[in-house]
Amino acid sequence: MRIAICGGGVIGASLAYYLSLGGADVVLIERDQIAGGASGKSGGFLALDWCDGSALAQLARRSFALHEELAETFGNPWGYRRLDTYGAFAPATSTSGESGRADHRVWLNKSVATYRQLGTVSTTAQVTPDAFTRGMVDQAVMRGASVQIGQVTGIIQDQGSGRVSGVEIGGRPHEADAVVITMGPWSAQARHWMPMRDVLGLMGHSVLLKPTTSIPAEALFLELERQDGSSDTPEVFPRPDGTVYVCGLSTNAVLPDDPREVRTDPKSTSRLRTMAAAISPLLADAELLAAHACYRPVTRDGLPLMGAVPHIDGAFVATGHSVWGMLNAPASGEAMAALILKGQSSGVDLTPFDPGRAV
Ligand SMILES: Cc1cc2nc3c(=O)[nH]c(=O)nc-3n(C[C@H](O)[C@H](O)[C@H](O)COP(=O)(O)OP(=O)(O)OC[C@H]3O[C@@H](n4cnc5c(N)ncnc54)[C@H](O)[C@@H]3O)c2cc1C
């Protein structure tokens, strides 16, 4: 079966791997570069049970297990590791009498108290996102998949049956028996080609820092109180290569049509650096390796869109993973591959994510 996957983020990459493993003839078409969008710029934080009680629970638990399995199978070229995770708070004005439950970790500023352990090495982990995404593409390529850099500009349907017979890449036809839209926030552009629910892009900023002293494997979710009573809520993920990723600013900037036009904003970079300095003296002195902006794909009801596109045989979509795309990519790829190749998802029930569900 010839399958065209449109979009080389973590969802397209994971799907390419599981489809190739299942014996499909896969082409992964990417407009800009593999992992060039949110999949190369995210935190890479993974949690076993943070989606429990929601429709994402099964997907998250299956994915958490697959992340470990994939890292073991392929020699972990993407920095997978388990880590402890803490919630922390810093008041606008430092007080000496902190709550009895508060704890201080040596690498943090004195004003920052960790008040709660949110995860342990049994329940939280991380990957380096661009390495994971590229690694999954490499594994797909080793199993016969090919990668084409080009813009998908439409789908082609058989004139009689209406069934999908290929895609247009930069206006040129490419034959395929099935087409999957994995264009992240740009999946909205496929609404010109097929019936699709809304997919929106929510902009996030991040910085990658290199401290001179290494920081323990502890992820932090912080609340930094400001003088005016409002708070910043940065997230800090130290990585095994000694770098530290800091994110936590979202803005409503409009998604540009072309992924290459996503720009970082110097003000957001500077605010993130100020927050990092307020968290730890080691981060205050750290070298700035990169500043990123990207858009995560979100849907109106907060759930991914995964499954067959209604009314067009051979058309599928997998997007809208919002803040959990890195975590949920493996089980999304596994389940979608089974759906496309065998007609039924495996590992996870995709019914809650049906692209044709009622709004
Ligand atoms: C700041 C931030 C931090 C995050 N942290 C985490 C985290 O810690 N843990 C977690 O689980 N998730 C996290 N996420 C969410 C995660 O990054 C996303 O859910 C995930 O990357 C989405 O992957 P995707 O493959 O759907 O989309 P994308 O990564 O956007 O990939 C889509 C690809 O499609 C390509 N494309 C677009 N149009 C076309 C076209 N016409 N033809 C061909 N290709 C096209 C684009 O160039 C792009 O490469 C974070 C997100 C943000 C913004």
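The rules behind the values
Residues numbered from 1 in each chain as written. Predicted model: local features only at pLDDT ≥ 70, side-chain atom pairs only at ≥ 80, totals over all residues. Heavy atoms only, no water. Helix = DSSP H or I, 4+ residues; strand = E, 2+ residues; numbered from the N terminus. Buried < 20%, exposed > 50% of the residue type's maximum accessible area, 1.4 Å probe, protein only. Contact = heavy atoms within 4.5 Å. Near = heavy atom within 4 Å. Polar contact = N/O pair within 3.5 Å; in protein donor to acceptor, adjacent residues only side chain to side chain. Areas by Shrake-Rupley, 256 points an atom, 1.4 Å probe, with all protein chains shown as cover. 1 Å grid on protein atoms, 1.4 Å probe; cavity = no way out; pocket = protein on both sides within 12 Å on 5 of 7 lines; lining within 4 Å. Points joined across faces, edges and corners; volume = space filled by probe spheres on them. Nonpolar A, V, L, I, M, F, W, Y, C, P; charged D, E, K, R; others polar. Patch = residues over 30% accessible without salt bridge, like charges linked within 9 Å, V, L, I, M, F, W, Y side chains within 5 Å. Salt bridge = Lys/Arg side-chain N within 4 Å of Asp/Glu carboxyl O. Core = buried A, V, L, I, M, F, W, Y, C linked by side-chain atoms within 4.5 Å. Domains from an automatic or database assignment. Expected span 1.5 Å × (residues − 1). Arc of directions from axis to C-beta.

Some details on the overall build of the chain
Line of reasoning, step 1. Helix and strand counts for the chain stand at 7 helices and 20 strands.
Line of reasoning, step 2. By principal-axis analysis of the C-alpha atoms, the chain measures approximately 75 × 40 × 35 Å.
Line of reasoning, step 3. With 359 residues in all, the chain has 54% of them scored as buried.
Line of reasoning, step 4. Long-range pairs, those at least 24 residues apart, make up 71% of the contacts in the chain between residues at least 6 apart in sequence.

Looking at the site of the ligand
Line of reasoning, step 1. If you check the shell around the ligand, you find 35 residues, and the closest are Glu30, Ser39, Ser322, Val323 and Leu327.
Line of reasoning, step 2. Interatomic distance of 3.0 Å between a backbone N/O atom of Arg31 and a nitrogen atom of the ligand.
Line of reasoning, step 3. The contact in question runs from an oxygen atom of the ligand to an N or O atom on the side chain of Ser39, over 2.5 Å.
Line of reasoning, step 4. When isolated, the ligand has an accessible area of 1000 Å², and the protein chains bury 97% of it.
Line of reasoning, step 5. Secondary structure elements with two or more residues in the shell around the ligand: helix H1 (10-21), strand S2 (25-30), helix H2 (38-41), strand S18 (287-298) and helix H7 (325-342).

Observations regarding unusual backbone geometry
Line of reasoning, step 1. Its identity as a non-glycine residue notwithstanding, Asn76 has a phi of 50°, on the positive side.
Line of reasoning, step 2. With phi around 50°, Ser322 is a residue other than glycine that occupies positive phi space.
Line of reasoning, step 3. Among the secondary structure elements, Ser322 is positioned in the loop between strand S20 (315-319) and H7.

Some remarks on the layout of surface pockets
Line of reasoning, step 1. Approximately 170 Å³ is the volume attributed to the second largest pocket.
Line of reasoning, step 2. Forming the walls of the second largest pocket are Ala90, Pro91, Ala92, Ser111, Leu224, Glu225, Arg226, Gln227, Asp232, Met275 and Ala278.
Line of reasoning, step 3. Those elements giving two or more residues to the lining of the second largest pocket turn out to be strand S14 (218-225) and helix H5 (266-279).
Line of reasoning, step 4. Per-class residue counts for the lining of the second largest pocket are 6 nonpolar, 2 polar and 3 charged.

A few points about a nonpolar patch on the surface
Line of reasoning, step 1. Together, Val141, Val147 and Ile149 make up a nonpolar patch on the protein surface, roughly 240 Å² of accessible area in all.
Line of reasoning, step 2. The topology assignment puts Val141 in helix H4 (residues 129-142).

Considering the pattern of salt bridges
Line of reasoning, step 1. One pass over the full model with this rule turns up 14 salt bridges.
Line of reasoning, step 2. Across the pair Asp177 and Arg2 runs a salt bridge whose closest N-O atoms are separated by 2.8 Å. Residue Asp177 is found in the loop between strand S11 (172-175) and strand S12 (178-181), and its partner Arg2 is found in strand S1 (residues 2-6); the two are separated by 175 residues along the sequence.
Line of reasoning, step 3. On the accessibility criterion, Asp177 (25% relative accessible area) is partly exposed.
Line of reasoning, step 4. The partly exposed category is assigned to Arg2, whose relative accessible area is 31%.
Line of reasoning, step 5. Note that Arg82 is salt-bridged to Glu68, the shortest N-O span being 2.8 Å.

Quick word on the nonpolar core
Line of reasoning, step 1. Core analysis: the biggest nonpolar cluster contains 64 residues, and Leu19, Trp78, Met336 and Ile340 have the highest contact counts within it.
Line of reasoning, step 2. Residue contributions to this core peak at 9 residues, all from H7.
Line of reasoning, step 3. Shared between two domains, this core takes at least three residues from each, and those domains are domain 1 (2-76 + 127-199 + 299-353) and domain 2 (84-120 + 201-298).
Line of reasoning, step 4. Dropping the residues within four chain positions of it, Leu19 is found in contact with Ile3, Ile5, Ala24, Val26, Ala337, Ile340 and Leu341.

Concerning H5
Line of reasoning, step 1. Taking 1.5 Å of rise per residue, 14 residues should cover 20 Å, and H5 covers 20 Å from first to last C-alpha, within 8% of that figure.
Line of reasoning, step 2. Among all positions in H5, only Ser268, Thr269, Leu272, Met275, Ala276 and Ile279 are buried. Seen from one end, H5 has its buried residues packed into an arc of 125°, which puts them on one side. Summarising the geometry of H5, the exposed residues directed more than 90 degrees from the buried face are Pro266, Lys267 and Thr274.

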